[in-house]
Amino acid sequence: MPRVATRGTQETADARPLAAAAAAPGAGVRRLQNSDAKTSLFPALAARLAPRLLPLRRAPLVPRNQTAPCSTAASSGRSAHSQQDSLLLIQGDTMPFTLHLRSRLPTALRSLILQKKPNIRNTSSMAGELLGIKELSKPAYGDAVVCSPGEVPVFWPSPLTSLGALSSCETPLAFASIPGCTVMTDLKDTKAAAGCLTPERIPEVHHISQDPLHYSIASVSASQKIRELESVIGIDPGNRGIGHLLCKDELLKASLSLSHARSVLITTGFPTHFNHEPPEETDGPPGAVALAAFLQALEKEVAIIVDQRAWNLHQKIVEDAVEQGVLKTPIPILTYQGGSVEAAQAFLCKDGDPQTPRFDHLVAIERAGRAADGNYYNARKMNIKHLVDPIDDLFLAAKKIPGISSTGVGDGGNELGMGKVKEAVRRHIWHGDVIACDVEADFAVIAGVSNWGGYALACALYILYSCAVHSQYLRKAVGPSRAPGDQAWTQALPSVIKEEKMLGILVQHRVRSGVSGVVGMEVDGLPFHNTHAEMIQKLVDVTRAQV
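Since we're looking at a predicted model, the values are computed, not measured.

K.L.:
Would you explain the packing of aromatic side chains in this entry?
P.N.:
Aromatic rings considered in pairs are described by the distance between their centres and by the relative angle of their planes. Counting across every chain of the model gives 6 aromatic pairs. Taking the centre distance of 5.9 Å and the plane angle of 65° together, the rings of Tyr465 and Trp489 count as edge-to-face. With a gap of 24 residues between them, Tyr465 in helix H14 (residues 450-466) and Trp489 in the loop between helix H15 (468-474) and helix H16 (496-508) connect regions that are remote in the sequence. By way of ring pairs, the aromatic residues Phe294, Tyr462, Tyr465 and Trp489 are connected into one cluster.

Written out as structure tokens, the structure reads:
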């Protein structure tokens, strides 16, 4: 039998009454003696951080408004107990290193839950909302602390959760540590030691929003695969100079932000063929529908917003997509013709209240973008403003509404959201000084063809939801993980067959290729077969590849 000892940890001694209840006679728990010195592991963590001079401040335990299901090895019995989390305050700019270090700590200390969307201005309202923690100022044990400017609350599950669960179940025997200590044995965790440093287990942290402050994490391997997707779609088949517009990790950050969203609004439509009916092009709608289909499979709310004059066209496109199996269920098609800041806010928020946004994320895929002079231009510098509704106003309004993020996908710099790279567009894109979109999105995904950007976002979401590190983060470290094969979204990836059907639907509705104006199986003058089909298959291969 292995030797067992308890070693002191960072848990507060004020929590001892809970352990006493769990270890009391009749509770079925045998209390271990603290046979080893109370050497705190928290100072040990601080010592390992010391070379980077990371300022750390310790805060007490805070209860989550959630229950953590527990199962026993001896039976199928289950018990639930309120989740308790330990809190650490660290400087936001040290977050990447802290997460990287966390992956190298012993298994018992690696289950970190990085706090999402803490509101530094009011730590009592938003700081732990997404974890079910309503009040940082009212901890279950210990004294409250105030989150200072620049500090970010970081949480990880507390062993007290298991003590509470043990006290409420009827197991005949259980081993647990007392508060202030953790169980140590002489058995080596060889399996964990061998796997904890693999790319699938090492986390990367990414700052994806400033107001409210929001970080997300994914494994090194998942991040690398999404970066590969970004590289794949970044080729320039039209030789337009889009390489000058590329920004690193925009696809990664956009997909991370989308993974946390509950409701997504997608817009598309570039009426470049102003002398034809319909004036739309085949680039945009396929990418928008592919992304919407994957978001649907993830059980997120999704809608598409288009120009009012094109509502009937897009309604028929969606109906045909459902009929041919490209979409599982119809997507609501919306329009917006507001014209004022108040109208945009009223559209985006319930009852116009910025505290209750209707959407978490806006996505524009090959959508005509407003230039600095207020007009809308195609790549040939032709003004098409008369065909475009002011959907740009929604992206401008979203910038002032905490909790709404935005992504723009483009291939030439005149698309909605490309204001983030407008200086590069003006310098390097033909007619860029005139056509450059002036409205920026939080994330600018650049692709050789905008549809590819929509496909890549869907693929990136697949990678994130297949990532154990990110999925644990999404479920707030509560409940068991599920294999990707058990999830419905695994069948929602773009495919050559589905995208060929989608392009065929556009052709049936006389939608033309953007560059050539041809009504046929091509996008931006490039044939579907040998170009777009190969791109789609390459994206899927990268997505499903084993690292």
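Structure shown, so let's carry the discussion forward.
K.L.:
Is there a simple way to explain the sheet that holds strand E14 (residues 361-367) in this structure?
P.N.:
Hydrogen bonds between backbone groups are what pair the strands of a sheet, and the pairing can be parallel or antiparallel. With respect to topology, 6 strands assemble into an open sheet ordered E13-E12-E11-E14-E15-E16, the strand pairing being parallel. Looking at which strands have only one partner, the edges of the open sheet turn out to be strand E13 (333-335) and strand E16 (443-446). Pairwise comparison of adjacent strand axes, ignoring direction, gives a mean angle of 25° for this sheet. Sheet topology note: the E14/strand E15 (residues 405-410) ladder contains 5 bridges and is parallel.

K.L.:
Can you help me understand the packing of H16 against helix H17 (residues 528-544) in this one?
P.N.:
Geometrically, a packed helix pair is captured by the angle between its two axes and the distance between the axes. One can describe the packing of H16 onto H17 by two numbers: an axis separation of 9 Å at closest approach and a directional angle of 135°. Looking at the two axes, H16 sits oblique to H17. Two packed elements cross with a definite hand, and for H16 against H17 that hand is right-handed. Across from Val496, Glu499, Glu500 and Leu503 in H16, the residues of H17 making contact are Phe528, His529, Ala533, Ile536 and Gln537. By residue class, the composition of the contact of H16 with H17 is 5 nonpolar, 2 polar and 2 charged.

K.L.:
What should I look at first to understand helix H10 (residues 341-348) in this one?
P.N.:
Think of an α-helix as 3.6 residues a turn; residues three or four steps apart then line up on the same face. Restricting attention to buried positions, one finds in H10 the residues Ala344, Phe347 and Leu348. Taken around the axis of H10, the buried residues stretch over an arc of 90°, which confines them to a single face. Tucked inside the fold, the buried residues of H10 contact strand E11 (263-269), strand E12 (301-306), E13, E14 and helix H11 (392-398).

K.L.:
Just checking my understanding: could you explain the pairing of E12 for this structure?
P.N.:
Residues in a regular strand point their side chains to alternate faces of the sheet. Counting buried positions over the 6 residues of E12 gives 5, a clear majority of the element. By the bridge criterion, 5 bridges tie E11 to E12 in an arrangement that is parallel. Following the sheet pairing, Ile266 is matched in E12 by Ile304. Note that the unit made of E12, helix H9 (residues 311-323) and E13 has a crossover that is right-handed.

K.L.:
Can you walk me through the pairing of strand E9 (residues 203-210) in this structure?
P.N.:
The buried fraction of E9 is high, at 6 of 8 residues. Two elements, E9 and strand E10 (residues 213-219), share 7 bridges in a ladder whose sense is antiparallel. Bridge pairing links His206 to Ser216 in E10. Here E9 folds back onto E10, and the loop between the two strands holds 2 residues.

K.L.:
Could you clarify how one ought to interpret H17 in this entry?
P.N.:
Helix length check: H17 (17 residues) gives 22 Å between terminal C-alpha atoms against 24 Å at 1.5 Å per residue, within 8%. For H17, every residue scored as buried is listed here: Phe528, His532, Ala533, Met535, Ile536, Leu539, Val540, Val542 and Thr543. Summarising the contacts, the buried residues of H17 are in contact with helix H6 (220-233), H14, H16, strand E17 (522-523) and strand E18 (526-527).

K.L.:
Honestly, unusual backbone geometry in this entry has me stumped. Any pointers?
P.N.:
Between Asp211 and Pro212 the backbone carries a cis peptide bond, its omega angle lying at 0°. Of note, Pro212 is situated in the loop between E9 and E10. That bond from Glu277 to Pro278 is cis: its omega, 0°, falls within 30 degrees of zero. Relative to the helices and strands, Pro278 is located in the loop between E11 and helix H8 (285-297). Here Glu299, not a glycine, exhibits a phi torsion of approximately 65°, which is positive. With respect to the secondary-structure elements, Glu299 resides in the loop between H8 and E12.

Definitions and limits used
- Residues numbered from 1 in each chain as written.
- Predicted model: local features only at pLDDT ≥ 70, side-chain atom pairs only at ≥ 80, totals over all residues.
- Heavy atoms only, no water.
- Phe/Tyr/Trp six-rings, centres within 6.5 Å; stacked < 30°, edge-to-face > 60°.
- Helix = DSSP H or I, 4+ residues; strand = E, 2+ residues; numbered from the N terminus.
- Pairing = 2+ DSSP bridges.
- Axes fitted to C-alpha atoms, helices over the stretch in contact; angles between N-to-C directions.
- Parallel < 35°, antiparallel > 145°, perpendicular 65-115°, else oblique.
- Left-handed = near helix turned anticlockwise from the far one by under 90°.
- Contact = heavy atoms within 4.5 Å.
- Nonpolar A, V, L, I, M, F, W, Y, C, P; charged D, E, K, R; others polar.
- Buried < 20%, exposed > 50% of the residue type's maximum accessible area, 1.4 Å probe, protein only.
- Arc of directions from axis to C-beta.
- Right-handed = clockwise from strand over helix to strand, strands pointing away.
- Expected span 1.5 Å × (residues − 1).

Geometric descriptors of this kind do not, in isolation, establish any biological role.
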